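# Observations on the three-dimensional arrangement
The residues making up each chain are set out below.
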Amino acid sequence: MEPINIVNSVITPLDRKNVDTDQIISKEFLKRIERTGFGQYLFYHWRFDADGNEIKDFVLNKPEFKDSKILVAQDNFGCGSSREHAPWAILDYGYNVVIAPSFADIFHNNCFKNGILPIKLTEAECDEILAKGLETPYSMEVNLETQTVTGEDGKVYSFSIDPYYKETLLNGWDEIALTFKYEDQIAAYEAQRITFS
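Residues numbered from 1 in each chain as written. Predicted model: local features only at pLDDT ≥ 70, side-chain atom pairs only at ≥ 80, totals over all residues. Heavy atoms only, no water.

## Some remarks on helix α3 (residues 85-93)
Where α3 is concerned, the buried positions are His-85, Ala-86, Pro-87, Trp-88, Ala-89 and Ile-90. On its buried side, α3 packs onto α1 (21-24), β3 (97-100) and α4 (105-113). Backbone geometry just downstream of α3 places Gly-94 in the positive-phi region, at approximately 130°. (Buried < 20%, exposed > 50% of the residue type's maximum accessible area, 1.4 Å probe, protein only. Helix = DSSP H or I, 4+ residues; strand = E, 2+ residues; numbered from the N terminus. Contact = heavy atoms within 4.5 Å.)

So this is what it looks like as structure tokens:
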């Protein structure tokens, strides 16, 4: 995983509640065996019509949000099935941060495991940010070290995060990397087992 600390970007204001994982990445695109390449299918049925043409007024298709790294949405983001492909698609599309009032638990945990920072702000704060982003392109700075989100107008929002997940994201550690931190102890234990068997 790539470490995350400071992310500066225009936000993508996805003003929708209850965005489920089948909308994030539809079931017909889950046949790939690798973890990459899912970004092209992110919100596919919202981004494209039945003939495969871009739906121009959908927020992700607007040119001002093309290089956005921060997705802002409404309550209960990532609900539905537990597919890990959802955070894979979000990350592969280019988002490092998702901000919402609440997340489905499994999706929330999968974000951390895949190098995405999910930030919970209040519903009122998300409404305020979404309103700014829908009115005109609105940039924000996310600072994981200080646990703040700062708008281009100087407005600061604070968020909390589990210290364990904060450390893993700051260092770019996934569960495999964390296991390798204890490689010497694991090797010593295995050698001891061989000795006594």
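Next comes the rest of the account.
## Things to note about the pairing of strand β1 (residues 6-13)
A large share of β1 lies buried, amounting to 6 of its 8 residues. Sheet analysis places β1 next to strand β5 (residues 139-143), joined by 5 bridges and oriented antiparallel. Looking across to β5, one finds that Ser-9 is bridged to Met-140. Bridge analysis of β1 against strand β2 (residues 70-72) gives 3 bridges, and the strand direction is parallel. For Pro-13, the partnering residue across the bridge sits in β2 and is Val-72. (Pairing = 2+ DSSP bridges.)

## Describing the packing of aromatic side chains
We describe a pair of aromatic rings using the distance from one ring centre to the other and the angle between the two ring planes. With the rule as written, the count across this model stands at 14 aromatic pairs. Consider the rings of Phe-38 and Trp-88, whose centres lie 5.8 Å apart with planes at 40°: the pair is tilted. On the criterion of sequence distance, the pair formed by Phe-38 in the loop between α1 and α2 (44-47) and Trp-88 in helix α3 is long-range, its members being 50 residues apart. Overall, Phe-38 belongs to the buried group, its relative accessible area being 0%. (Phe/Tyr/Trp six-rings, centres within 6.5 Å; stacked < 30°, edge-to-face > 60°.)

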